[in-house]
Every structure is written in structure tokens, then in C-alpha cells.
Amino acid sequence: MKNFSEWISTTFLSLFIQNNQAWMIPTIQSVHIVGISVVIGSILMVALRVLRLGWMDQSLAAVQSRFFPWLKGAIIALAVTGALLLVAEPARELMSFSFWAKMALIVIGLGIATAFVSTVGRNEAVWDDNRLKQGSIKLATVLTLCVWVGVIFMGRLIAYDHVWGSLSPSNHSEPK
Amino acid sequence: MTFTDILNAVAAWAVSDYIRGALLAFPLLESAHVVFLTLVFGTILIVDLRLLGVASINRTFGALESDIIKWTWFAFAGAVLTGALMFITNPTVYFENVPFRIKMILLLCAGLNMLIFEQFTRRKYKDFEGTAAAPRPARIAAVLSLVLWTGVIGAGRVIGFTTSHVAVALPPAAENLDFDDFLTSDAPAPAPAQ
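Residues numbered from 1 in each chain as written. Chains lettered and ligands numbered in written order. Predicted model: local features only at pLDDT ≥ 70, side-chain atom pairs only at ≥ 80, totals over all residues.

1. Concerning the overall build of chain B
The line we're drawing: For helices the rule is a DSSP run of H or I covering at least 4 residues; for strands it is a run of E covering at least 2, with both sets numbered from the N terminus onward. Partly exposed residues are those whose C-beta has more than 12 but fewer than 20 other C-beta atoms within 10 Å; 20 or more makes a residue buried and 12 or fewer makes it exposed, with C-beta atoms placed from the backbone. Contacts here follow a simple rule: the backbone-placed C-beta atoms of the two residues must lie within 7 Å.
Helix and strand counts for chain B come out as eight helices and zero strands. When the elements of chain B are put in sequence order from the N terminus, they spell out α-α-α-α-α-α-α-α. In chain B, which comprises 194 residues, the proportion classed as buried is 34%. Nonlocal contacts in chain B, meaning residues at least 24 apart in sequence, comprise 75% of its contacts between residues at least 6 apart.

This is how it looks when you write it as C-alpha cells:
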């Protein structure tokens with residue numbers, strides 16, 4: 001991973017961002033944060049409908065179809081900006097515990113979202129309000145929110161990876 | 001008592017000292033701050049997109065806003081609390097920081113924009129609830145909102161690159177040091193003062 005990181009940092013794209021990093025990295029990060037806002041906002045709105053705390057004038061399928069296209073677009077934007085940040089500073093990500101924990105949580109979060117879309121999409125009538133009142137559904141919804149909050153925490157902790165002590169492969173400790 | 005005295009007094013609080021020195025406190029506060037701010041921006045975005053007639057147009061503005069506004073306020077309160085707890089670790093540095101000042105001004109402008117919208121625009125155009133795009137003043141407020149809040153995010157990010165919550169003590173200046181000696185001689189530089 002160390003050699004791979006070093007190799008990435010010698011590529012043209014990496015050097016380009018490194019040479020302009022003073023404005024480029026905060027800008028790419030800011031776009032990344034806007035993307036996070038779209039994801040967490042979309043997840044929250046669908047969760048509110050599942051938990052029957054809002055959007056009750058709309059069916060669950062309608063709320064999902066309102067927000068999931070934005071969720072998809074934001075995930076793509078996050079992947080692109082995330083990749084740019086990784087290419088610019090490969091060791092910062094690849095040699096941190098937080099980054100890999102974040103990637104694992106994203107896989108889980110997207111897995112839950114995909115499963116949700118396919119079940120709601122196939123059985124719209126089944127997901128009536130009685131089904132939504134089930135404790136297991138409510139628990140799963142709260143867990144999904146926790147997963148995405150966890151993604152945000154892990155993302156920020158990349159800059160503070162030293163807090164993981166011996167779990168952190170690098171000595172990075174500069175807060176950015 | 002000057003304002004600087006107040007800032008220094010805040011820096012000396014036990015809670016300030018704790019957050020400054022603890023391993024996990026500042027990183028966790030900053031992470032929580034990101035969760036809250038993304039919820040603020042995310043919920044405001046939904047409302048602004050409705051005003052612009054881009055999304056959620058099958059709902060009236062009133063119905064949409066009443067669902068969302070409590071979450072925006074909850075998230076904003078969380079952002080202010082976590083922000084304040086970070087601020088107190090190094091008040092003078094943050095207060096002097098230009099991006100921080102810009103962020104505070106942008107926040108004020110965003111708040112003012114929301115106030116004007118709620119108190120004037122919305123009342124004047126009571127009937128727009130059912131239409132796709134809102135009347136022009138409301139759309140202007142929506143665009144302003146998005147620009148201002150994006151600015152808050154950008155300025156906030158730059159604060160992180162231009163400050164530290166750790167008060168760094170500069171090493172004491174060495175005595176009788178002539179820097180030209182380093183140019184002309186092979187003598188090693190003196191060890192840094194501990």
C-alpha cells in the first residue's frame with residue numbers, strides 16, 4: 001500500500017493537484033461536503049417516511065423515487081471528488097484506518113439502500129403502513145442512519161487517524 | 001475589560017482546556033459538526049429546490065417546509081453547539097481568522113435572507129403554495145440561500161486549513177545568534193531550544 005501510494009503521488013493528475021493544492025483541495029472537499037449533504041438529506045427524508053414522522057401525504061414509493069435519483073447522483077459526485085482527493089494525497093487515505101472503515105460502512109449503507117429499493121420497487125402494495133409499524137423495520141431504518149453518520153465520522157477522522165492508536169498504519173496527525 | 005480579555009478568559013475555562021488537550025474530543029466534535037452542517041445544508045437544499053420548481057413539486061411548499069424545518073433547526077443548533085465547543089479551544093486565533101469572520105458574516109446573511117423570506121415574501125405571495133415554481137422574489141431567496149450556504153461550507157473548510165486548535169508555543173529565540181554565520185562557516189546550527 002505504501003509503494004502504491006508513492007506511485008500514485010508521482011502521476012500527472014496527482015502532481016497537478018499537489019501543485020495547486022492550496023485552492024484545489026479545499027474546493028474539492030467543499031464539493032464533497034455538498035454531496036454528503038444530499039446523501040444524508042435524502043436518507044433522512046426516506047427514513048422519516050418509513051418511521052411515519054413526515055411525508056405522510058406521499059406514498060413510500062413516491063418519497064423513494066423523489067430522493068433516490070439524487071442519492072445516486074450524489075454518490076457518483078462523492079466517488080469522483082473522493083478519488084481526486086485520494087489521488088492528490090494517496091498515503092493520507094490508503095494508509096489510514098479511518099478511510100478503510102469509511103469504505104466498509106459505505107458498502108453496507110449502499111447495500112441497505114439497494115435492498116430497500118428492490119423490495120419497495122417490487123412490492124409497493126406490501127409496504128403499507130402496517131408493515132412500516134413493525135419494530136424490525138424501524139430498527140433497520142435507525143441503523144441505516146447510524147451507518148451514514150458513521151461514514152461522515154470516519155471521513156473526518158481520516159485527518160485525525162492517530163486517534164486509532166495502534167490500528168492506524170500511518171503517523172499522520174496533521175488536522176486538515 | 002477588553003474583548004480580548006473575554007476571549008482569553010474563555011480560553012482558560014476548564015472545558016476549553018479539556019477539549020484542547022484530550023485526544024478524542026476535538027476530532028469527535030468536528031465530525032459531529034460535519035454531520036450537523038450537512039443536515040442543515042441538505043434540508044435547506046430540499047426546500048430551495050422546491051422554491052425553484054426543480055423537485056418535490058407535487059407537494060405544496062407549506063407541507064414540505066413544515067416537515068423539514070424542525071430538522072433544519074435541530075441540525076443548526078447542533079452545528080452551533082459543536083462549533084462553539086471548537087471555538088473555545090483557541091478563541092483569539094479563531095476570532096482573528098479571516099475565513100472564520102467571512103463564515104460568520106455569510107451565516108448572518110443567510111439568516112437574514114431566511115428572515116426576509118419568511119416575514120415578507122411568503123406572506124405577500126400566500127397563493128404560491130400550489131404552483132410549481134414560486135414567484136420571483138422567492139426564487140431569488142432560494143438562489144441566495146444556496147450561494148450563501150455553499151459559501152459557509154467553503155469558508156468553514158478553509159478555517160481548518162488556516163488554524164489549529166492546539167496552542168503552539170514558539171521556541172524561545174536563541175541568544176547571540178548571527179544567522180550570517182551559517183552562510184559562511186561549516187559550523188553546525190545550534191540545536192533547537194527545548
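2. Digging into the overall build of chain A
Check the secondary structure of chain A and you find eight helices and zero strands. When its helices and strands are written in sequence order, chain A yields α-α-α-α-α-α-α-α. In chain A, which comprises 176 residues, the proportion classed as buried is 34%.

3. Focus: the interface of chain A and chain B
Applicable threshold: Charged residues are taken to be Asp, Glu, Lys and Arg, nonpolar residues to be Ala, Val, Leu, Ile, Met, Phe, Trp, Tyr, Cys and Pro, and polar residues to be all remaining types, Gly included.
Contacts between chain A and chain B engage 25 residues on the former and 28 residues on the latter. Counting only elements with at least two residues in the side of chain A that touches chain B, the list comes to helix H3 (21-50) and helix H8 (135-157) of chain A. Here the element with the most residues in the side of chain A that touches chain B is H3(A); it accounts for 12 residues. Residues belonging to the side of chain A that touches chain B are distributed by class as follows: 16 nonpolar, five polar and four charged.

4. Remarks on the environment of A:Met45
Its place among the elements puts A:Met45 in helix H3. Discounting chain neighbours no more than four positions away, the residues touching A:Met45 are A:Trp55, A:Val63, A:Phe67 and B:Ile46.

5. Regarding the nonpolar core
Here is the rule: The term nonpolar core refers to a set of buried Ala, Val, Leu, Ile, Met, Phe, Trp, Tyr and Cys residues connected through C-beta atoms within 7 Å.
By size, the foremost hydrophobic cluster in this structure holds 68 residues, and its most contacted members are A:Val39, B:Phe36, B:Leu39, B:Val40, B:Phe41 and B:Val152. Put simply, the parts of the chain that give this core at least two residues each are H3, helix H4 (60-88), helix H6 (97-122) and H8 of chain A together with helix H3 (25-51), helix H4 (61-87), helix H6 (98-124) and helix H7 (136-162) of chain B. Top element by residues in this core is H3(B). It accounts for 15 residues. Apart from residues lying up to four places away in sequence, B:Val152 is in contact with B:Lys103, B:Leu106, B:Leu107 and B:Ala110.

6. Concerning the packing of H6(B) against H7(B)
All names here are of chain B. The test is simple: Here an angle of 0 to 180 degrees is reported between the N-to-C directions of two axes, which are lines fitted to C-alpha atoms, with helices fitted over the stretch in contact. Relative orientations are named as follows: roughly parallel for angles under 35 degrees, roughly antiparallel for angles over 145 degrees, roughly perpendicular for angles from 65 to 115 degrees, and oblique for any other angle. Helix crossings get a hand from a simple test, with the near helix turned counterclockwise from the far one by less than a right angle marking a left-handed crossing and a clockwise turn marking a right-handed one.
One way to put it is that H6 packs onto H7 with a least axis distance of 8 Å and a crossing angle of 160°. Comparing their axes, H7 and H6 come out roughly antiparallel. Crossing of H6 against H7: the hand is left-handed. Residues belonging to the contact of H6 with H7 are distributed by class as follows: 19 nonpolar, six polar and one charged.

7. Concerning the packing of H3(A) against H7(B)
Put simply, H3(A) and H7(B) touch, their axes get as near as 9 Å, and they point 130° apart. Accordingly, the angle class assigned to the pair H3(A) and H7(B) is oblique. Here the hand of the crossing between H3(A) and H7(B) comes out right-handed. Residue-level contacts link A:Pro26, A:Gln29, A:Ser30, A:Ile33 and A:Val34 of H3(A) to B:Thr150, B:Ile153, B:Gly154, B:Arg157, B:Val158 and B:Phe161 of H7(B). When its residues are assigned to classes, the contact of H3(A) with H7(B) shows six nonpolar, four polar and one charged.

8. Quick look at unusual backbone geometry
One non-glycine residue, A:Arg52, lies in positive phi territory at about 60°. Relative to the elements of secondary structure, A:Arg52 occurs in the loop between H3 and H4. Positive phi outside glycine occurs at B:Ser56, with the angle close to 60°. Its location among the elements puts B:Ser56 in the loop between H3 and H4.

9. Thoughts on the confidence of the model for chain B
Residue and element names in this part refer to chain B. So the rule is basically this: Per residue, pLDDT measures the predictor's confidence, with a range of 0 to 100.
On average, residues of chain B score 87 in pLDDT, and 81% of them are at 70 or above. For chain B, the element scoring lowest by mean pLDDT is helix H8 (residues 180-184), at 65; H3 scores highest, at 97. Among the scores for the predicted complex, ipTM is 0.91 and pTM is 0.87.

10. Here we look at the environment of B:Thr4
Mapped onto the fold, B:Thr4 is located in helix H1 (residues 3-11). Linking B:Thr4 and B:Arg122, residues 118 residues apart in sequence, is a C-alpha distance of 41 Å.

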